[in-house]
Amino acid sequence: MHTVSLCDIVTVSRTDKSGIDISCSDPLIPCNEQNIAYKCAAAFFEKAGISDGGVSIEIIKKIPSEAGMGGGSADGAAVLSGMNRLFNTGFSEEELISIGAKLGADIPFCLKGGCGYCTGIGEIIEPLPRISGTVLIGKGTAGISTAEAFGKIDSLGSGIGIKGIKEKFSCVRSLDAIADCCRNIFDDVTSLEEVVDIKRIMSENGAAADSMTGSGSAVFGLFDSEELAEKAFGILKNKGYFSALCSLV
């Protein structure tokens, strides 16, 4: 996993009244106990032993939902980090990870960031060399249910992993070699026409790699030329797809 510059804006504020209040710019995102940011705030209060605390969480969405980009997990990680500062609890990164790992597999990585090889339920993160290049994100109107995607993967049985990917990635330096490591088994169980079209556009316009992110349906393209990435970005925009140019951070 690798962090990119595309991000939601999360504002966490203490309030005079107890409880958790959430607002979101996307009307389709639940602003109640179902929201992972809410769950993280509640778990934080429990861990800190704060029974009468109050917090207001405002989320401005920039990361598309049902995209496999960990947007909800990133919001939850931001809430944990922000509340740790607001309430002066002094929890370590590992303590925050232990809270987040129970609520979402991607939260530990979102707290740590960088480039990492994630195993276990997401809480075991081994740092990998960070890479350079321009990333283009594209997504159509259709989303993919994470539960449904994992169900399809489970139906394939064992032996579907990518062997030796950590060792291979640790040794490469060129973008072409890194691109050879960019394989997503969720591509094998996805047949959305929009995903196929977005990958085609990226590939035909110079992407060294193009693959879905996570369980989809967003696609990332890795480019060594910002000009080529901008050209593909324009084509995706003109076709009505969500698109965003990002840096690797």
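Please refer to the structure placed before this passage.
Residues numbered from 1 in each chain as written. Predicted model: local features only at pLDDT ≥ 70, side-chain atom pairs only at ≥ 80, totals over all residues. Heavy atoms only, no water.

Enquirer: So what about the sheet that holds strand S2 (residues 19-24)? Which residues, and what values?
Expert: Sheet strands pair by backbone hydrogen bonding; their relative direction is either parallel or antiparallel. The mixed open sheet is built from three strands, whose spatial order is S1-S3-S2. Either end of the sheet is taken by a strand with one partner, and the two such strands are strand S1 (9-14) and S2. On average, each strand axis in the sheet is tilted by 15° relative to the strand beside it, whichever way the strands run. As paired strands, S2 and strand S3 (residues 54-60) are joined by six bridges and run parallel to one another. For Ser 23, the partnering residue across the bridge sits in S3 and is Glu 58. Lying on the sheet, helix H2 (residues 71-86) is in contact with S1 and S3; it crosses S1 at an angle near 35°. (Pairing = 2+ DSSP bridges. Helix = DSSP H or I, 4+ residues; strand = E, 2+ residues; numbered from the N terminus. Axes fitted to C-alpha atoms, helices over the stretch in contact; angles between N-to-C directions. Contact = heavy atoms within 4.5 Å.)

Enquirer: Describe unusual backbone geometry, with residues and values.
Expert: Phi is positive for Glu 66, close to 50°, though the residue is something other than glycine. In this structure, Glu 66 sits in the loop between S3 and H2. At Asn 88, a residue that is not glycine, the phi angle is positive and equals roughly 50°. Position of Asn 88 among the secondary structure elements: in the loop between H2 and helix H3 (93-101).

Enquirer: Give a detailed account of H3, specifying residues and quantitative values.
Expert: Turning to H3, its buried residues number three or more, namely Leu 96, Ile 97, Ile 99, Gly 100 and Ala 101. Looking at the buried side of H3, the elements it contacts are helix H1 (36-48), H2 and helix H4 (107-112). (Buried < 20%, exposed > 50% of the residue type's maximum accessible area, 1.4 Å probe, protein only.)

Enquirer: An account of the packing of H2 against H3 is requested, with residue identities and associated values reported.
Expert: Direction vectors running N to C along H2 and H3 enclose 135°, while the axes themselves pass 10 Å from each other. Judged on the interaxial angle alone, H3 and H2 are oblique. Along this stretch, H2 crosses H3, giving a crossing that reads as right-handed. On H3, the residues that touch Leu 80, Ser 81 and Asn 84 of H2 are Leu 96, Ile 99 and Gly 100. (Parallel < 35°, antiparallel > 145°, perpendicular 65-115°, else oblique. Left-handed = near helix turned anticlockwise from the far one by under 90°.)

Enquirer: Talk me through the side chain of Asp 8; I want residue IDs and the actual numbers.
Expert: For Asp 8, the location among the structural elements is in the segment before S1. Here Lys 61 takes part through its side chain, which lies 2.7 Å from a polar atom of the side chain of Asp 8. Engagement of the side chain of Asp 8 in a polar contact is seen with the backbone nitrogen of Lys 62, the distance being 2.7 Å. Aside from chain neighbours lying at most four places away, what touches Asp 8 is Ile 59, Ile 60, Lys 61, Lys 62, Ile 63, Gly 71 and Asp 75. (Polar contact = N/O pair within 3.5 Å; in protein donor to acceptor, adjacent residues only side chain to side chain.)

Enquirer: Residues and numbers for the pairing of strand S6 (residues 134-139), please.
Expert: Counting buried residues in S6 gives six out of six residues, a clear majority hidden from the surface. The alternating pattern of S6 places Thr 134, Leu 136 and Gly 138 on one face and Val 135, Ile 137 and Lys 139 on the opposite face, and all of these are buried. Here S6 pairs with strand S9 (residues 242-247) via six bridges, running antiparallel. Bridging across to S9, Val 135 finds its partner in Cys 246.

Enquirer: Please provide a residue-by-residue account of the pairing of strand S8 (residues 219-223), values included.
Expert: The buried fraction of S8 amounts to five of the five residues, a majority that puts the element mostly inside the structure. Burial along S8 is two-sided: Val 219, Gly 221 and Phe 223 and Phe 220 and Leu 222, pointing in opposite directions, are all buried. For S6 and S8, the ladder comprises five bridges, and the chain directions are antiparallel. If you follow Ile 137 over to S8, its bridge partner there is Phe 220. As defined by bridge partners, strand S7 (residues 209-212) adjoins S8 across four bridges and the pair is classed as antiparallel. For Ser 211, the partnering residue across the bridge sits in S8 and is Phe 220. The hairpin turn running from S7 into S8, its antiparallel successor, is six residues long, and Gly 214 in that turn takes a positive phi close to 55°.

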